[in-house]
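Here are the chains, one letter per residue:
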Amino acid sequence: MAHALIFTGQQMAAQFKQFSPSDIEELKEIHCASSCLKATCSQLVVQGIEMCRLACGGHGYSQSCGIARLYARSASVEIVEGENHVLWLQCARYLVKCVGMVKAGQSSLPAGVQYLQAWLTCDESISVLNNSHLIKDVSTLLKAFQCRAARLVSSAFHELSSQFSQGLSQPEAWNSSHAWLIRAAKAHGEYLIVRGFADILNKPMASSLKEVLHKEVLLYTLWRIEQCSGDFLETITLTPSTLQDIHSLVSELLTDLRPEAVRIVDAFSHHDATLRSTLGSYDGDVYRRLFEWAKNSPLNKQQVTDGYYKHLRGLLKAKL
């Protein structure tokens, strides 16, 4: 997941540098994408940290582990620089406007949302993941994310239209459709992340590195399909039997990538002084570090703490 977010961020930064300030339509699309990605990425980061904490069992809640400190520092990211739900709604406002423009006969949309036009004008058939070969094809998986996002954005647009037809004002209709709009914006963000991650495979690199990155892209993309399988089943981009194949392929990819896991993590070059963790250290000597941490605790400086003599001893020795 870390690589997916990093490469997507790099693509977003490159797009921002290349756009012309006079191009208002592209500026709107960049604002939509950046708002959506801030919200979606920050949510994934916080959820990912919590997954790591749970994977460490009881140690994950220890101060010596470092994850608790990392979680406390990262949780606020979902609020600062724009609360996530507000940003998703900003993105959704632009997306439903794009649907309205297509329905009004506008011939083209900015590159980041052109998939909406393909869906609404039926220029592109639904990508059905109906066999085990297609789930290994990154371009087909990307189209599946496009179809899922387009269907949810279209559904949000129709929900808004339905609210208007019932006589609700624009603010009332918007507020009543928040759940639909946020769901659509999240799907758009997921598509942007998969697109940004998959795009790295088109760049020149060593074949050995590309092989590992290809497996990472597949693993991340299929994992997100697993997590949101209901959306893909509703969009007819996925069949129940193929979902079983995806479960099997995810397990296979985890097995293939496990020997590379240490090298992948070490590639980030995080220093031990930065991590400040007994579990995540360069030498991997976990238990010695845990023991040293425990010895340095003020509570372990003496066999029996002063608190025992001050508070507990009298109670335990008292004759009631």
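Residues numbered from 1 in each chain as written. Predicted model: local features only at pLDDT ≥ 70, side-chain atom pairs only at ≥ 80, totals over all residues. Heavy atoms only, no water.

Let us look at the overall build of the chain. Looking only at helices and strands, the chain features 15 helices and 0 strands. For the chain, whose C-alpha radius of gyration is 25 Å, the value lies well above the compact-globule estimate of 20 Å for 320 residues. Seen along its three principal axes, the alpha-carbon backbone of the chain occupies a region of about 85 × 55 × 45 Å. Of all intrachain contacts in the chain linking residues separated by at least 6 positions in sequence, the fraction that spans at least 24 positions is 68%. Split by element, the accessible area of the chain, about 18000 Å² in all, is 58% carbon and sulfur. Between the centroid of the 31 positive side chains of the chain and the centroid of its 30 negative side chains there is a distance of 10 Å. (Helix = DSSP H or I, 4+ residues; strand = E, 2+ residues; numbered from the N terminus. Rg over C-alpha atoms; globule rule 2.2 N^0.38 Å. Contact = heavy atoms within 4.5 Å. Areas by Shrake-Rupley, 256 points an atom, 1.4 Å probe, with all protein chains shown as cover. Lys, Arg positive; Asp, Glu negative; His and termini not counted. Charge placed at Lys NZ, Arg CZ, Asp CG, Glu CD.)

Once that is clear, we can look at empty space enclosed by the protein. Taken as a whole and judged by the stated rule, the model has 2 cavities of 30 Å³ or more. In this structure, the second largest cavity occupies an estimated 50 Å³ of space. Thr8, Gln11, Met12, Gln15, Ala33, Leu37, Leu192 and Arg195 together form the lining of the second largest cavity. Those elements giving two or more residues to the lining of the second largest cavity turn out to be helix 1 (2–18), helix 2 (24–55) and helix 8 (178–199). The leading source of residues in the lining of the second largest cavity is helix 1, at 4 residues. Its residues assigned to classes, the lining of the second largest cavity comprises 4 nonpolar, 3 polar and 1 charged. (1 Å grid on protein atoms, 1.4 Å probe; cavity = no way out; pocket = protein on both sides within 12 Å on 5 of 7 lines; lining within 4 Å. Points joined across faces, edges and corners; volume = space filled by probe spheres on them. Nonpolar A, V, L, I, M, F, W, Y, C, P; charged D, E, K, R; others polar.)

What follows concerns the pattern of salt bridges. Side-chain pairs of opposite charge can arise where the charged atoms are in close proximity. This model, assessed by the stated rule, comprises 10 salt bridges. Between Arg151 and Glu234 there is a salt bridge, and its shortest N-O distance comes to 3.3 Å. With Arg151 in helix 6 (residues 138–165) and Glu234 in helix 10 (residues 229–234), this residue pair connects regions lying 83 residues apart in the sequence. Note that Glu211 is salt-bridged to Lys215, the shortest N-O span being 3.8 Å. Pair noted here: Glu211 and Lys215 are both in helix 9 (residues 207–227), with a separation of 4 residues, about one helical turn. In this structure, a network of salt bridges that share partners links the residues Arg148, Arg151, Arg183, Asp231 and Glu234. (Salt bridge = Lys/Arg side-chain N within 4 Å of Asp/Glu carboxyl O.)

Let us look at unusual backbone geometry. Even without being glycine, Glu81 reaches a positive phi, approximately 55°. Position of Glu81 relative to the elements: it lies in the loop between helix 3 (67–75) and helix 4 (84–103).

Under the counting rule described, the total for this entry stands at 6 aromatic pairs. A network of ring pairs unites the aromatic residues Phe7, Phe197, Tyr220 and Trp223 as a single cluster. The ring of Trp174 carries Arg93 above its face, with NZ or CZ at 4.2 Å from the centroid. Note that Lys186 overlies the ring of Trp88, its terminal NZ or CZ placed 4.7 Å from the centroid. (Phe/Tyr/Trp six-rings, centres within 6.5 Å; stacked < 30°, edge-to-face > 60°. Lys NZ or Arg CZ within 6 Å of the ring centre and 35° of its normal.)

This part is about helix 4. Here helix 4 is 20 residues long and its end C-alpha atoms lie 29 Å apart, about the 28 Å a rise of 1.5 Å per residue gives. Within the span of helix 4, buried status applies to Asn84, Leu87, Trp88, Leu89, Cys91, Ala92, Tyr94, Leu95, Val96, Cys98, Val99 and Val102. Two to three positions downstream of the cap, the backbone nitrogen of His85 sits 2.9 Å from a side-chain oxygen, assigning the N-cap of helix 4 to Glu83. Looking at the residues trailing helix 4, positive phi occurs at Gly105, about 105°. (Expected span 1.5 Å × (residues − 1). Buried < 20%, exposed > 50% of the residue type's maximum accessible area, 1.4 Å probe, protein only. Polar contact = N/O pair within 3.5 Å; in protein donor to acceptor, adjacent residues only side chain to side chain.)

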